[in-house]
Every structure is written in structure tokens, then in C-alpha cells.
Number of protein chains: 2
Amino acid sequence: MNTIILKRISQLRDRMAQHGIDAYIIPGSDPHLSEYPADCWKAREWISGFNGSAGTIVVTRDKAGLWTDSRYFLQAEIQLEGTGVDLYKLKLPEILSIPDFITREIGKGGKAGFDGNSYSVTEYQSLKRVFDRKNITIESSFDLIGEIWQDRPAIPSGKIFELPVEITGISVSNKLDTLNNKLREAGADCTILGALDDIAWSFNIRGNDVPYNPVAISYAFISEEERILFIRPEKLTGEIALHLKKEGVILADYSKITTYLQRLPEKTRILVDPDRTNTALYKAIPGHCRIIEQISPAAHLKSIKNETEIEGFRQVAVKDGIALTRFYLWLEKQLQEGNKVTELSASAKLSALRAEQPLAIGDSFKSISSYGAHGAIVHYTPTEETDTEIKPEGSYLLDSGGQYLDGTTDITRTIPLSEPTEQIKKDFTRTLKGMISLSKCKFPAGTRGCQLDILARKALWDAGINYLHGTGHGIGHCLNVHEGPQSIRMEENPVLLQPGMVMSNEPAMYRTGEYGIRTENMMLIREDSETEFGKFYSFETLTLCYIDTRLIIPSMLSPRELAWLNRYHQKVYDKLSPHLNEEEQNWLKEKTKEI
Amino acid sequence: MNTIILKRISQLRDRMAQHGIDAYIIPGSDPHLSEYPADCWKAREWISGFNGSAGTIVVTRDKAGLWTDSRYFLQAEIQLEGTGVDLYKLKLPEILSIPDFITREIGKGGKAGFDGNSYSVTEYQSLKRVFDRKNITIESSFDLIGEIWQDRPAIPSGKIFELPVEITGISVSNKLDTLNNKLREAGADCTILGALDDIAWSFNIRGNDVPYNPVAISYAFISEEERILFIRPEKLTGEIALHLKKEGVILADYSKITTYLQRLPEKTRILVDPDRTNTALYKAIPGHCRIIEQISPAAHLKSIKNETEIEGFRQVAVKDGIALTRFYLWLEKQLQEGNKVTELSASAKLSALRAEQPLAIGDSFKSISSYGAHGAIVHYTPTEETDTEIKPEGSYLLDSGGQYLDGTTDITRTIPLSEPTEQIKKDFTRTLKGMISLSKCKFPAGTRGCQLDILARKALWDAGINYLHGTGHGIGHCLNVHEGPQSIRMEENPVLLQPGMVMSNEPAMYRTGEYGIRTENMMLIREDSETEFGKFYSFETLTLCYIDTRLIIPSMLSPRELAWLNRYHQKVYDKLSPHLNEEEQNWLKEKTKEI
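A few words on the packing of helix H14 (residues 307-336) of chain A against helix H19 (residues 582-591) of chain A. All names here are of chain A. One can describe the packing of H14 onto H19 by two numbers: an axis separation of 10 Å at closest approach and a directional angle of 90°. Classified by the interaxial angle, the pair formed by H14 and H19 is roughly perpendicular. Facing H14, whose interface residues are Thr-325, Arg-326, Tyr-328, Leu-329, Glu-332 and Lys-333, H19 presents Glu-583, Glu-584, Trp-587, Leu-588 and Lys-591. Tallied by class, residues from the contact of H14 with H19 come to four nonpolar, one polar and six charged.

Take a look at the structure:
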């Protein structure tokens, strides 16, 4: 019996009864729909004990359930033990969906509720469509967890800092002017920004409010006349407040966004990104305004890096490459010398090596440091409980990234720790063929990510293998390591790939209980050529880190694939060696030698 | 001055004035939204003289315009001369769209009209959305052309014929039972079928009402209790009427569909495919019914061929291959002997050779018989005016197909007529690499066409070349050569590729003013293998016709591509030679010899 959780759920049911609510929904997200919510918004974890990155709790008068995906089935079962919360496994065919569960439990005429701050407009609308058909009322104005969570942490109040124009490439006033131009093109007078990275990019600010993403809790409202940053005053230094004012920014308290929206004048045409705006803000907009729902122009502008940002990415690739070279050399020596290294101590070492680099400010996500069979668990990150010693046998998959003021990195390598088997070599080479094929491809303007995705998978598909995650995501500039709106994946995404976008390229394969393989580079999309058939784009690989050739079967690579690999290794050596000592140089020379 | 057209438009304007209509829209489609409308439904051609396969006319009180795409710019300019109808070039950025043109011309409060029979529900809804925002009324109940078209042809009254179960593989009653199961799964009680090929497939009937597509003008209504074929009585023989009744089909007059729909009882849940149903039928459904809009289950079931149909496709591939072998041998001899052959006479010869084959009933579309630079005009078909002599120089592209009772074909080959240049050989080999890559590919269950499309284009993209049409379409079984709902093209189409689907594979490249290259085979999707990663599918090539190796640069092909080609040629020879005479055998042996 988990008495703490049982008591909290019982308190929640009391509140539900007071408000006449039959089912209360607690999604995992925060008012900014962030990948990493601040502690004050971890309502789902507080009410259930489950702390996976994805999952929604529903509590009715006599039942409670958690809906989460296959990454978290095992973790959820452990964490929900004794809480009375049942696990509903998402995407399994026989499992009730949340709307179906609520419909069955509370029936027609019932009332469901949630905190409008915790759901995007898109999610709310899709839920509402189902409930409307079933005659179920849905109310978004109840923060019942807020009512019962006594020692709820405060909203983070850390100071923000300015990212100077020498690093961002474009001043705040220029960015906001461009944003206003885009709003005009879309037929809108103004927009709300709710996504923290959109705001950080637009105002050239960064913060420390959540792990890994250097963003600051805030909202923004942007029109031709008013460019308002809603932020708690204690987060501002006098210097940055002055700077922002000089750039034409009005500063207002974080809590004032709702009343500000409620007072928007008649006929205001406001652009709202339904995936990046929470329901509470959406509902604050008066009925006399016209809402234009489309992807935020800030998200789009942010995805296309300017020349200064691109130069920053090239710089951080060198810094990251130095840290990674030193790390893999260190790891090899530790194992040779018989010193104990674990998944956690290895990733801590890499973090320390990155931290030595100029302008480094931390990791860009929690390292996926996975030894042996752990590598086959796609979203594995070691904890104190699972931490395993890395021994000189099998293979080691490390997916990690750094935050630097001048850019963000994301890289995965898989290395053998003993003489590799034929099977892992075949699997590794097939995965590598996909990575190379996507790296080398040239494509016409107007191409979407899902058209290119097969290039990364084809050699795997030929062998009856597939991986179920995406192949590429956008990467922020000293911002979120997972950034939209573009992607390279099997699923349709209408966003066109455009020059200036920085993306990951990470085909993979996983043999459950044995090992996982993933090789990931970052790439920049750039203009390639213009012919009578139109403009063509191609990729420039940014990441600089050797790919372990002991796992490659050279005869499985085409002459062009081999040439790509050897050229890449030459470039890695040339760019990194001037920054390395002699021992490191010799070691890297060997790792990057032609095959 | 084209006085005939001017008079017709003037008569139309009189009618518009009588009905208070400010803008009248005349799309090219018929009540069944067919690719080839019967003559009685060529209202757009009658009012404007323009007879391209795509285009919409809009007439206001003082202006008239035709909107058509780049395939028809030249033809439209010629055909519209002296008619007062202006050409609006679709997809050119500066050109007004139809809704924008109408909005500008008739303004707020204006009234637009069209014949509900001539627009799909999807097209109507998208027009209505725009006009609602602009305060323009849109009425779908006016067939003004019908009021003034004195000598309008009658609706075709040709007899239908039954395709026996030995050819279709599934009886009518079985097909209708399956359809009803699918309706139940979709939560519907019944559906309307408006697309003629969906009806022909569901009732195992064929007809001769339009060129190339062996369909019969009819509608159908299907529910568990009533399976009604709405068709003119004179189209039925006593025998087929009896057969259909035995299969549980109720026969009703074609004209009765509207009143039947108007009398649907309350709460009927009716499935309507908005792309395959015209607006008039949609509007006939009473407001007390619930309309479920989704793709027709008949279209989906039809796309997945059964074993008998697949065997038919394999048979017609042999028959078509024999006709094509004889044709290309004949053409070679004609040119060697200095006999005059033109684009039209060549395609007539091929039609005649196909007609000699058992169960042949005609061509499946108008042959794209294009010599030299005509090959670069994607949708070129020769007319008396453009017909050109095929001389022993340059290249010849022939895209053609046959209708047989046991299947339908679609094939393109490009052949050299003299020593080919290096450029055309490079272009041909790149196109061929794409065709082979798609033919050889293996993909997991759940894949959509747009994911595979790049395989056909990659070798072209690598050289800065692209083609702007699709790579593959579905093909009917003794039905329409262009069949949905699946496709392989750059654009997103959510329909999954499934075993049993028959599709074209037709990468191409076009050098304007020089030549066009297209190589097209038909392929069947079949189950390939099942691994721990799931089910995988692959393609079986159906088409049996040599690919001209004189246009191939072997060193540009990978060893696997070469092996595919040589295996394919061996198969072509093995399957066709038993049916050929000695001269034909020797000639084909040479054409299919290993390279």
C-alpha cells in the first residue's frame, strides 16, 4: 500500500465531488507544453508517483488509471504498485483509450475536468470532439491538484541571461520585426508565444529553469505595436531589463498574460499555434477576436539557422569532438587497466570533459549511456538502480549532447568492447549504410522529411529489420535538443526541409536482450545546386567524432559509401587534431585510418 | 471570333440573370467523377470548346475564364481563341484562384452557382468554406447548361455484361456481404456508390459507356437489407438481370437514386466518400441522417486483388508481352525497310496486335505515342494535327495499355532509333536505376507510397534531375487503368500499401525540346517475410517486355542492378518465347541477352 498516493487521490476525489466532476484528467505537461516541466508542474508525478516523460492520469470516483507507452510499461508497473492506479498500455489493440474509458465510467451527461494550463489546444479539441458526440461535458478551469498540493514548489525564479547578438546573429528588435512581417502575411495582427524555446529565441534570452533546456519560464505577446515579455520580475537583472527595453520590449509580470488576453480589442486577429499554446490561454481570448490557428512563425523562423548560428554549430562540433575523443580514449584505457567504469560514471566523465570546453553550460539531455543489452532499450538512461559496470566485452551505446552558448549537440556512437561477432558487425554496417545514404543525399526544394526517411532504413529493411523511432529531429541553437517543426521520420509531417535547418541523422537497430546500435550525426541542410529542374539541397555533416571501424564489414559498403566514410574520418582528424595532445592525436589517427 | 461559343456563353448569361446568379462554375467532371466523362456530360467542352482532361470554366456577367494546368496551356490558348474566355494558368504564383476571381468579380453578397452533379463533395466543401468567409452564397442546384444545350447527347444506353466469377474470383453476393461488414466496422448502416469502377467491381458488371474504362453508368446503394443497382433498364439483358437478382441485387432506374436517398429513414448512418460522391447526391440525404465521411470501403476492397484476379494479371502480362514484342519487331523492320510509320499509325498497329490476343477488349487509355521532342511533353497524345513520322533517328517513347476481360495493362518503354548520344544513355540509365530500385525494395507493413517514392527518383536527384508526376498508381482489374486509393508519389497519401495491390512503377525524365524517357512496369505487392521486427512486403514485377539495352551504360549500374536486369530479361524471354514464332524468338533473344 502506497499510503501517500492513496491519500492524495482520496483528497482529489473530495475536491472532484465538491466541483461535481466525475472524471479528472492529469496530463504530464506544463503550461508551456515543455519536454522537461519544472518541478512545480509535475502534478502527474505528485498524484501517482509515476515519473516517466509521457503519461496521463485519469481519476474517476472509484477508479484511477495511467495511460503510457511501451517505453514505460515496466517502470509504471513498479511505480504504481499499491497506489490503486491501473496501468493502461497505449497502442495495444485491446486497451481502452482515455475518452472511451471516461465514457464507459461516467456515461452520458457526465462531467470531465482538467487544468487548462496542462493541455495543448490540439489535445483539448480532439478530446472535446469525442466528448461532444457522447454528451459529456468537459471543463478546463479546474486546477484541483493546485488546491490540494500543500508543499508545491514555487515557479522557478532563477535569473535569465542575454545571449548577445554576436552569438545569436540577429538582434531582438530585428527578430520581432520579422515575426510581425510573418504575422501580417498570415493575416494576423498579433500572436501569443507559449513555447519556452520560441520565446528564448525571439528575445535572445536563456535561463536555467528546467534541466537540459536553457529556457526561462515566460510568455510573450507580439504585435506591431506591443512586444511584451511576460516574466517574473525577480528573474530579470537591471542590465537585461534595460537591454530588452532598448530593443522595444515591454516587460510585464508572468501572471498577467491571462488578463491581458481577456482585454484584447474587438476584431483582433490573433495567431495561435494549437500545438504550442495551452487551453487556458486559448480560452482567455475573447469571443470577439478572430483566432487563426497555424504553426507559430517563431517556431519556423527559429528552425532556420542564420550564418552566425551555423558558424556556432561548426564551432561546437569541434569542441564536442575534442571532448568525445578524450572520453573514448579514457574509456579504452580504463578498461585496459582494469579500472571499474559504470554507465553512470562514464557519462559523468563525458559531462566533465564537455564542461572543460569554452562556453560549455551543461548537457543537452540525460545521457543514454547503455552497456550491452541496455542498448536495446530505446530510451534507457541509467539510474542508481540499473547502473551497470562496463566490462571489456560486448558493446556500448552512448547517446549524449552538450549545451554551449554558441550551439547545442546530439551525437550517438556504438563501440565494441571486445572482438565483435559477425552478427553485430552486419547489424552495425547496415545501420551505417543508412546513416551514410541519408548524409549523402541530394533532394529538390519542396521535399518533406518522410520522403527521405527510407534512405536511413533501406539497408535494414532489406534484411527484415526496422526501428520504430524517427530518423531525424531539429536541434536548437543553445536551446532544446529536440526542436520542431521539421522532422525526418516515417510519419507524415508537412513541414518542408529548408536550408539552414540543423537535424539529427540517427538510424538504429535493437536486438532485445542482446545489444542496441545507433549511429547519430548532426547535419545542416544547405543549398546544393540549381538546374533546369529546379533548386536542390543537400546535407553538410556537422558532428566530428570517429565511427568505430572495428564494427564495419567493409565489403558490405559500396565504393561510394567507403569513400564517404574515409573522407569523413579524414575531416574528423584534420579538424580535431590541432586541439589534441600527441597521445590523443596518435590514438585518433588510428581510429580514423582509411579502410 | 468563335461565334458558336460566344452565342452559348451569351445564352448562359441570360439564364444566370433569370436565376439571379452572378458567377456560374462549370467543372469538367460528370456525376460519377470519372476520368473519362461520357459525351452527354462534356458541358465544359460544349460551353468553351476546350477539351483537355482537366479544367474548370467560370462565367460571370461580363467575364469568362478557364482554369487549367500546365499540360494544357498551349492547347487552351488555341482552343479558346475568339471565345472571350480568358486562360488562367493554375499553379502560377501570380494567377488568381477561382474563389479569389469570383470574390473579386461578384463581391460580398453575390451568388455563385453550379450543377451539383458535376462537383465532388470535397471540392464543394472547400469552395463553400472560402465563400462562407467572403459572404458569397453558393447554390448547387442549377444545371444551366442542361437548360440551353439543345442537342445534348443522351446518357449512354449500351448493354452491360457480366464478368463471371471464374474471372472476378468473388461472387456479387460475397462482395456485397464483405462491403456490409466493412460498413458495420465503420459504424455505418449503408453507403452510396457513385464511382463507376467501384460499382462495376462490386456487381461484377462491365460496360462500354466511356472510352477505355469498361464501366457502365449507374449508382448503387448498399445496406444489409437492400443492395440496389440504379441503372437504366435498357442497359440490362434479361439474363444479367436474372443473374443479379439471384445474387440478391434489387434493380432500379438510374434516375431514382435521388428520390431514394431523400426518403432514407431517420437516424440512418450513411457512409459517404466525399471524393467519390457528387454534391447533388450528398444534398439529397435528409438532415435527419448521420453522414460518415470516409473513403469508400468498395474502393479499398477493389484495390486489393484476389488470387483469381492476380492470376488474370499474370496472364495478361504474357498476352501484352507477345503483342509488344511483335510491335517492336514490326517497328524496327518498318524503319529498316524505309516504310513510313507515324505516331498514330504505330499506336494503331499496337492496338491491332493487342486485339489479336484472347479476351482482349480494347486499349486501356489513349496511347502516348511520342517521337523525339514529343516525348518531353508529359501527357502528349498524337492527334491528326500533331502526328509525326517516326524516323530512324532519336528516340521513341510509347506508353500504352490493353483491356482484357482477365486484366488491364499499362506499360511504357523508350527505345533508340539510331545510335544514342551519351546524354540520353546517362538519362536513361539513371531513370532505369530508379525503376529497378523501387522494383527490388522490401518494406514493412504499414508503409505508405510517399515513403518509397524516393527510390525511383534518387539516381535522378543525384544528378539534379526530377520529374513532377507520380511514380505509381493503382491499376484496375479489367477496369480503370488509374485506380485509387493508393499511390506512390511525392505527395502524402495516408493509404497503406498492402499485399494484393497492383501498381505502376514509372520513373521518367524529360528534356524539353529534345526527348522524354519513361520506363514503366506493373508490379504486384506481395507478402515477403516475417521477422522479429514484423511483416515485410515486396514487389513482384508483372510486365513482360524487354528494356532496350542500347540505352544503358552498364558501368552506371551496380552489380545488383545488373543482376536484376539480366534476371528480368531471362524471365521475359522464358515466359514469352513459347508463344512466339522463330523469327520473333530470335529477335527477342537478342533484345534480352545478358549485359
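That shown, we press on.
Another point: the pairing of strand S1 (residues 23-26) of chain A. All names here are of chain A. Going residue by residue along S1, you find Ala-23 and Ile-25 tucked away on one face and Tyr-24 and Ile-26 tucked away on the opposite face as well. Bridge analysis of S1 against strand S5 (residues 111-114) gives three bridges, and the strand direction is parallel. The residue of S5 that forms the bridge with Ala-23 is Ala-112. Looking at chain direction, S1 and strand S2 (residues 56-60) are connected through four bridges and run antiparallel. Across the sheet, residue Ile-26 finds its bridge partner in S2, namely Ile-57.

A word on the interface of chain B and chain A. At the junction of the two partners, chain B supplies 29 residues and chain A supplies 29 residues. Where chain B abuts chain A, roughly 2500 Å² becomes buried across the two surfaces, and 58% of that area is made up of carbon and sulfur atoms. Broken down residue by residue, the surface that chain B buries against chain A is led by B:Gln451, B:Trp461 and B:Phe533, which jointly contribute 25%. In this structure, the connection of chain B to chain A is made through two salt bridges. The closest approach of N and O atoms between A:Arg511 and B:Glu532, which form a salt bridge, is 2.9 Å.

Below, the discussion takes up a positive patch on the surface. Taken together, the side chains of A:Lys108, A:Arg129, A:Arg133, A:Lys134, B:Lys267 and B:Arg290 present a region of like positive charge at the surface. Among the secondary structure elements, B:Arg290 is positioned in strand S14 (residues 290-293). Under the relative-accessibility criterion, B:Arg290 is labelled partly exposed at 45%.

This part is about the sheet that holds strand S19 (residues 407-408) of chain B. All names here are of chain B. Taken together, three strands build an open sheet; the order of strands is S15-S18-S19 and the sheet is antiparallel. The outermost strands of the open sheet, each flanked by one partner alone, are strand S15 (360-363) and S19. Relative to strand S18 (residues 402-404), S15 runs antiparallel, the two sharing three bridges. Following the sheet pairing, Asp-363 is matched in S18 by Gly-402. Against the sheet, helix H14 (residues 307-336) makes contact with S18 and S19, and its axis sits at roughly 130° relative to S18, the strand it touches most.

Right, let's get into empty space enclosed by the protein. If a probe as big as a water molecule is rolled over the atoms, it shows which places are left empty. Residues and elements named next belong to chain A. Counted under the stated rule, the structure contains four cavities of 30 Å³ or more. Looking at the largest cavity, its volume works out to about 130 Å³. Taken together, 15 residues make up the lining of the largest cavity; nearest its centre are Ala-43, Asp-115, Ser-118, Asp-143 and Arg-152. Element by element, the count of residues in the lining of the largest cavity is highest for S1, at three residues. Tallied by class, residues from the lining of the largest cavity come to eight nonpolar, three polar and four charged.

We now examine the side chain of A:Glu520. All names here are of chain A. Note that Glu-520 resides in the loop between strand S26 (515-518) and strand S27 (521-531). The charged side chain of Glu-520 is buried without a salt bridge, its nearest counter-charge being Arg-518 at 5.2 Å. Those residues in contact with Glu-520 that sit more than four places away from it in its chain are Asp-399, Asp-410, Ile-411, Thr-412, Arg-413, His-473, Ser-504, Asn-505 and Glu-506.

Here the focus is the relation of the copies chain B and chain A. Overlaying chain B on chain A yields an RMSD of 0.1 Å, the required transformation being a rotation through 180° with an accompanying axial translation of 0.1 Å. Taken together, these values place the two copies in the relation of a two-fold axis. Using C-alpha coordinates, one finds that chain B approaches the rotation axis most closely at B:Gln451, a distance of 2.6 Å. When the interface residues of chain B are mapped onto chain A, 100% of them again lie at the interface, so the same face is used by both copies.

Evaluation of the coordinates by the stated rule reveals zero disulfides over all chains. Unpaired in terms of disulfides, A:Cys450 finds its nearest cysteine sulfur in B:Cys450, a separation of 3.6 Å. On the basis of relative accessible area, A:Cys450 is assigned to the buried category, the value being 1%.

Below, the discussion takes up the environment of B:Asp399. Residue and element names in this part refer to chain B. You can see Asp-399 is positioned in strand S17 (residues 395-400). When its relative accessible area of 5% is taken as the criterion, Asp-399 is described as buried. Taking the C-alpha atoms as reference, Asp-399 lies 47 Å from Gly-20; in sequence the two are 379 residues apart. There is a polar contact of 2.8 Å between the side chain of Asp-399 and the side chain of Arg-518.

Another point: the sheet that holds strand S10 (residues 219-223) of chain A. All names here are of chain A. Strands sit in the order S12-S11-S10-S8-S13-S14 across an open sheet of six strands; the sheet is mixed. Looking at which strands have only one partner, the edges of the open sheet turn out to be strand S12 (250-252) and strand S14 (290-293). Across the sheet, the axes of successive neighbouring strands diverge by a mean angle of 20°, strand direction being ignored. Relative to strand S11 (residues 227-230), S10 runs antiparallel, the two sharing four bridges. Pairing of Ile-222 across the sheet is with Arg-227, part of S11. Of the strands in this sheet, strand S8 (190-193), S10 and S11 are in contact with helix H9 (residues 196-203), which crosses S10 at around 55°.

Let us look at helix H19 (residues 582-591) of chain B. Residues and elements named next belong to chain B. Three or more residues of H19 are buried, namely Glu-584, Trp-587, Leu-588 and Lys-591. Buried residues of H19, seen end-on, are gathered within an arc of 95° and therefore sit on one face of the element. Turning to H19, the residues buried within the fold contact H14 and helix H18 (559-576). The opening residue of H19, the one whose side-chain oxygen lies 3.1 Å from the backbone nitrogen of Glu-583, is Asn-581.

Conventions adopted
Residues numbered from 1 in each chain as written. Chains lettered and ligands numbered in written order. Predicted model: local features only at pLDDT ≥ 70, side-chain atom pairs only at ≥ 80, totals over all residues. Heavy atoms only, no water. Axes fitted to C-alpha atoms, helices over the stretch in contact; angles between N-to-C directions. Helix = DSSP H or I, 4+ residues; strand = E, 2+ residues; numbered from the N terminus. Parallel < 35°, antiparallel > 145°, perpendicular 65-115°, else oblique. Contact = heavy atoms within 4.5 Å. Nonpolar A, V, L, I, M, F, W, Y, C, P; charged D, E, K, R; others polar. Buried < 20%, exposed > 50% of the residue type's maximum accessible area, 1.4 Å probe, protein only. Pairing = 2+ DSSP bridges. Buried area = accessible area lost by both parts, 1.4 Å probe. Salt bridge = Lys/Arg side-chain N within 4 Å of Asp/Glu carboxyl O. Patch = residues over 30% accessible without salt bridge, like charges linked within 9 Å, V, L, I, M, F, W, Y side chains within 5 Å. Areas by Shrake-Rupley, 256 points an atom, 1.4 Å probe, with all protein chains shown as cover. Lys, Arg positive; Asp, Glu negative; His and termini not counted. Charge placed at Lys NZ, Arg CZ, Asp CG, Glu CD. 1 Å grid on protein atoms, 1.4 Å probe; cavity = no way out; pocket = protein on both sides within 12 Å on 5 of 7 lines; lining within 4 Å. Points joined across faces, edges and corners; volume = space filled by probe spheres on them. Least-squares fit on C-alpha atoms with pLDDT ≥ 70 in both. Disulfide = S-S within 2.5 Å. Polar contact = N/O pair within 3.5 Å; in protein donor to acceptor, adjacent residues only side chain to side chain. Arc of directions from axis to C-beta.

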